[in-house]
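Topology and contacts: notes
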Amino acid sequence: MYLSFSDRSGGNTDEAAPPGTPFKISSVIISLGIVSLFTDISSESVGAVLPVYITGVLGLSMVAYGFLDGINQGISAIVRIGAGWTADRSDRHKLVAVLGYGLSMVTRAWLLVVTGFGAITAVIAVDRIGKGIRTAPRDAMISQAAQPEHMARSFGVHRMLDTVGATVGPLLAFLVLLLIPTGFHVVFVVSLACGVIGFAVLGIMVPGRKRREALAAGPLSAGMEKAARAAGARMPFSWRALNTSSMRRLLLIAGLFGVMTIGDGFIYLVLQSRAEFATKWFPLLYVGTNMAYLALAIPLGRLADRWGRMRVFIAGHGALLAAYLCAALPATGAAATMVCLLLLGIFYAATDGVLAALAGQFSTRASRASGIAAAQTVVAVTRLAASVGFGSLWFLWGRETAILAAAGALAAAILGGIVVCRGIEPSAASA
Amino acid sequence: MSARVRWAWLSAITVVVLAGAIGYGVWSFVQYQQRQNSPVSVAVSSKNLNPSAPHIAFRNTAAGDGYGHVATVPLASPRGARTVTSTVCDRVYAAGGTLSCLSTNPGIVTTFEAEVYASDGKALRSWPLPGIPSRTRVSPDGTLVASTAFVTGHAYAPASFATVTVINKISGGGYGNLEDFTLIVGGRKIAPVDRNVWGVTFAPDDRTFYATAASGDRTWLVRGDLKKRTLTSIHETAECPSLSPDGTRIAYKKNITPGPVPHWNIAVLDLSTGKETVLAESRSVDDQVEWLDNDTLLYGLPRASAVGDDDVWSIKAAAGAAPQMFIEHAWSPSVVH
């Protein structure tokens with residue numbers, strides 16, 4: 001059994017867009033994309049300079065910082081599912097998102113006054129909690145505002161804007177430090193400003209539940225009207241709505257792939273250990289990945305809508321497999337490094353937004369934030385486990401052998417994923 | 001709210017916030033320029049120091065022109081006027097006619113580099129660093145150079161790989177990342193996931209060195225062997241070792257407050273007796289200490305009042321000795337005999 005779109009809103013068959021509906025991006029998605037853009041400038045600009053600030057200015061040691069980072073990622077994953085559930089139960093997605101974005105914004109102001117290592121790590125932890133809270137309700141709002149048959153493409157638009165922010169943030173921070181080498185507080189103030197702007201766009205431009213309902217009465221774009229109408233005739237939240245064959249298979253595949261996803265940081269380290277080019281530009285390798293990601297987020301989302309979201313999701317992990325092999329190859333030139341970064345960008349563009357679209361597709365309207373949160377939590381937790389596990393192999397077997405082993409395991413996971421997804425592919429393909 | 005009112009609010013907030021941020025940025029820029037153009041607050045000598053005369057090389061942190069440059073003072077008069085060179089380093093060390101300089105090349109693409117110079121200023125070789133410079137040491141005869149950097153980049157990097165330490169020969173080639181050496185703790189080979197190595201100090205034989213190895217919240221003082229490619233623990237809870245000129249003692253920082261906020265005391269280990277002496281410096285010392293002579297240690301401490309400014313202090317390597325100011329506005333000292 002699989003869920004068609006008409007099932008999702010309790011028999012309201014009108015919700016499914018008729019085949020061939022032209023793509024029209026909702027202003028809500030653009031607004032949420034701009035919120036993410038500014039928030040990512042805010043968080044990534046600080047993230048880029050924080051290590052230098054902690055060691056160079058505050059004169060503190062970096063070592064403990066690394067271990068706390070892993071713990072924070074775990075907290076973020078757990079908070080995420082709770083926030084998704086709260087958003088669904090209360091039907092106040094915007095309110096929960098506002099809380100998450102607001103929490104992160106407040107940490108920017110906090111950074112301006114703290115100096116101790118403990119205080120800084122507390123600031124980072126709270127920022128991560130904010131990120132955990134906001135992600136699932138925001139993605140649920142995106143999936144509600146998107147035309148169902150263009151859902152992956154709509155997520156692509158959001159992820160593109162998001163990644164622009166993640167790329168601009170560090171570059172902006174380094175530009176500030178180039179002009180004012182001691183200007184860490186200027187970076188923090190710029191970060192706070194971007195956080196406030198993102199928060200303002202969310203608070204002012206993104207409709208909450210009340211406005212969504214009010215808008216339903218007036219003339220509106222087709223997608224918005226349907227979304228609003230459906231919100232009025234909303235089914236109560238239940239976990240059972242998520243316990244479907246399709247959803248279980250999606251979570252299984254996401255988890256299977258997650259434990260084989262070792263994190264691009266390791267790939268950068270492999271490249272760095274061999275290629276002088278990659279060492280020199282180590283702090284910037286993520287920019288290459290992000291460039292590929294933001295250029296391909298929309299085209300691959302579009303492809304996912306047409307060809308099948310699950311297919312693209314699996315193919316994206318094929319790109320990750322290619323990136324592992326590329327990193328393990330004995331080539332050391334700049335070109336090999338670039339190809340690896342491009343493959344990583346393809347991986348993100350084909351999987352991140354597409355996963356949210358799939359999870360949205362396989363959950364009911366009333367359980368969507370929980371469904372998306374569940375999928376993202378599975379991915380976050382399994383990737384964390386993968387990083388720890390791969391770290392052991394790294395030292396036991398050495399870099400190249402470890403990454404080749406990871407490639408072999410990922411290849412097996414992809415084959416497994418293809419088998420598991422057979423039961424849900426018709427739904428994904430028909431979307 | 002109508003659409004127009006919403007746009008008005010959003011525009012107003014954006015304008016106010018951006019104006020505030022830009023205003024603060026411009027003010028900071030002007031402040032920075034004023035500080036840069038202000039005369040140096042310490043006595044500066046225009047004489048070129050004879051590189052073969054005993055001296056102390058360090059990073060000048062006096063505000064104004066020459067901030068961050070390598071400076072030298074004669075060993076006989078450390079408080080006297082300093083000679084400021086044109087070389088800019090975050091971390092510097094000189095020995096055996098070789099100077100190692102770890103530097104940050106700021107820019108839209110901030111990169112990090114280790115550069116090695118001969119005593120006449122000629123560049124010998126350089127290698128890129130994967131992150132923020134941390135420690136550097138040169139072997140007594142000037143043929144080997146060690147560098148430690150924090151691996152940084154972006155928030156997604158696996159953070160358990162915090163440091164990369166390499167040993168290179170000035171003639172070319174090297175021994176690679178010390179993480180790849182075999183780690184032997186308590187007589188057993190171990191290969192923990194999160195191991196890190198940092199803070200090398202060289203013995204005169206160009207084969208033996210000492211360093212810190214770490215896993216989880218444990219650290220070990222290890223003796224390294226460049227031929228066998230091994231690191232063997234000889235003491236626990238010891239970081240950033242420094243071998244005394246006569247080779248009998250090792251000074252290091254000892255973390256006495258485990259947890260996220262470390263507090264490091266300076267301790268000295270007698271290699272023949274294994275006796276550890278913790279010194280009376282009460283402030284936390286996050287530095288690789290340097291031996292002024294066989295009885296006295298030098299180390300840097302940040303100035304509480306000024307961000308980015310430090311002083312070099314000295315302390316006798318004996319229990320109960322009191323620290324003394326050695327060179328003001330200075331960091332990363334190395335004693336060149």
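Residues numbered from 1 in each chain as written. Chains lettered and ligands numbered in written order. Predicted model: local features only at pLDDT ≥ 70, side-chain atom pairs only at ≥ 80, totals over all residues.

Taking an unreviewed UniProt entry as the reference, chain B is identified by name as WD40-like Beta Propeller Repeat belonging to Arthrobacter wenxiniae.

Note the threshold: UniProt positions are given in the numbering used here, feature names are shortened, and annotations may be inferred rather than shown by experiment.
Looking at an unreviewed UniProt entry, one finds chain A named MFS transporter and attributed to Arthrobacter wenxiniae. Quoted verbatim from the Subcellular location (unreviewed entry) heading of the UniProt record, the comment on chain A is "Cell membrane".

A few points about the sheet that holds strand E20 (residues 249-255) of chain B
Residues and elements named next belong to chain B. The condition that has to hold: We call two strands paired when DSSP finds no fewer than two bridges between them. By definition, any uninterrupted DSSP run of H or I lasting at least four residues is a helix, any uninterrupted run of E lasting at least two residues is a strand, and each is numbered from the N terminus. Inter-axis angles, ranging from 0 to 180 degrees, are taken between N-to-C directions of lines fitted to C-alpha atoms, where helices are fitted over the stretch in contact.
Strand order in the open sheet formed by four strands is E19-E20-E21-E22, and the pairing between neighbours is antiparallel. Taken across any chain shown, the strands that pair with only one partner, and hence form the sheet edges, are strand E19 (239-243) and strand E22 (276-278). Averaged over all pairs of adjacent strands, the angle between strand axes in this sheet comes to 25°, irrespective of strand direction. As paired elements, strand E21 (residues 264-270) and E22 share three bridges and run antiparallel to each other. In the sheet register, valine 268 faces E22, and the bridge partner there is threonine 277.

Digging into helix H14 (residues 309-328) of chain A
Three or four residues apart is the spacing at which side chains of an α-helix point the same way, because the helix has 3.6 residues per turn. Under the convention used in this document: Each residue after the first adds 1.5 Å to the expected span of a helix. To sort residues by burial, count the other C-beta atoms lying within 10 Å of each one's C-beta; a count of 20 or more means buried, 12 or fewer means exposed, and anything in between means partly exposed. C-beta atoms are built from the backbone.
Helix length check: H14(A) (20 residues) gives 29 Å between terminal C-alpha atoms against 28 Å at 1.5 Å per residue, within 8%. Summarising burial for H14(A): 16 of the 20 residues are buried, a large majority.

Here we look at the pairing of strand E13 (residues 182-185) of chain B
Residue and element names in this part refer to chain B. Pairing of E13 with strand E18 (residues 230-236), which is carried by three bridges, proceeds in the parallel orientation. If you follow leucine 183 over to E18, its bridge partner there is leucine 231. Summarising the sheet, E13 and strand E14 (residues 188-190) pair through three bridges and their orientation is antiparallel. If you follow isoleucine 184 over to E14, its bridge partner there is lysine 189. As consecutive antiparallel partners, E13 and E14 are separated by two residues, and within that stretch glycine 186 has a phi angle of approximately 60°, a positive value.

So, the packing of helix H6 (residues 151-179) of chain A against helix H7 (residues 184-205) of chain A
Residue and element names in this part refer to chain A. The line we're drawing: Note: crossing handedness is left-handed where the near helix turns anticlockwise from the far helix by less than a right angle, and right-handed where it turns clockwise. Throughout, a pair of residues is in contact if the C-beta atoms placed from their backbones lie within 7 Å. Polar here means any residue other than Ala, Val, Leu, Ile, Met, Phe, Trp, Tyr, Cys and Pro, which are nonpolar, and Asp, Glu, Lys and Arg, which are charged; Gly is therefore polar.
Where H6 meets H7, the axes come as close as 9 Å, and the angle between the chain directions of the two elements is 145°. For the element pair H6 and H7, the recorded crossing hand is right-handed. Counted together, Leu172, Ala173, Val176 and Leu177 of H6 and Val186, Val187 and Val190 of H7 form the full contact between these two elements. Broken down by class, the residue content of the contact of H6 with H7 amounts to seven nonpolar, no polar and no charged.

Here we look at helix H5 (residues 117-145) of chain A
Just so we agree on the cut-off: The seven residues ending at a residue and the seven starting there each receive a fitted axis; the angle between those axes is the bend at that residue.
Taking 1.5 Å of rise per residue, the 29 residues of H5(A) would be expected to cover 42 Å, and the 42 Å separating its terminal C-alpha atoms lies within 8% of that figure. Largest kink in H5(A): about 25°, centred on A:Thr135, with the proline A:Pro137 one to four residues after it.

Considering the environment of B:Ala321
Residue and element names in this part refer to chain B. By the secondary structure assignment, alanine 321 is in the loop between strand E25 (310-316) and strand E26 (324-327). For alanine 321, a count of 17 C-beta atoms within 10 Å translates into the label partly exposed. Considering only alpha carbons, one finds alanine 321 and glycine 247, 74 residues apart in sequence, at a separation of 21 Å. The residues touching alanine 321, leaving out its near neighbours within four places in the chain, are Leu279, Ala280, Ile315 and Lys316.

Observations regarding the sheet that holds strand E2 (residues 55-60) of chain B
Either a parallel or an antiparallel arrangement is found when strands of a sheet pair, and the pairing is made through backbone hydrogen bonds. All names here are of chain B. On the basis of which strands lie adjacent, the open sheet formed by five strands has the order E1-E4-E3-E2-E27 and mixed pairing. On the outer flanks of this sheet lie strand E1 (44-45) and strand E27 (330-336), each paired with one strand and no other. Direction of pairing for E2 relative to E27: antiparallel, over a ladder of five bridges. Residue pairing for E27: arginine 59 is matched across the bridge by tryptophan 331.

Re the UniProt feature "transmembrane region" (unreviewed entry) in chain B
The positions UniProt marks with the feature "transmembrane region" (unreviewed entry) are residues 7-30 of chain B. Measuring from the first to the last C-alpha atom of residues 7-30 of chain B gives 34 Å, for a span that is 100% helix and 0% strand.

Some points on the domain arrangement of chain A
Residue and element names in this part refer to chain A. Stated formally: Marked domain ranges trace back to an automatic or database domain assignment.
Looking at chain A, the domain boundaries give domain 1 (18-232) and domain 2 (239-430). Listed per partner, the contact involves 35 residues of domain 1 and 34 residues of domain 2. If you list the elements that add at least two residues to the side of domain 1 that touches domain 2, you get helix H3 (63-90), H5 and H6. For the side of domain 1 that touches domain 2, the leading source of residues is H6, giving 13 residues. Considered class by class, the residues forming the side of domain 1 that touches domain 2 number 16 nonpolar, 13 polar and six charged.

Digging into the confidence of the model for chain A
Residue and element names in this part refer to chain A. Applied cut-off: One number per residue, pLDDT, summarises how confident the predictor is, and it ranges from 0 to 100.
Overall, the predicted model of chain A reaches an average pLDDT of 82, with 82% of residues at or above 70. The least confident element of chain A is helix H1 (residues 5-8), whose mean pLDDT is 36; the most confident is H7, at 95. Segment residues 425-431: pLDDT under 50, and 17 contacts once partners within four positions in sequence are set aside and those in other chains are kept.

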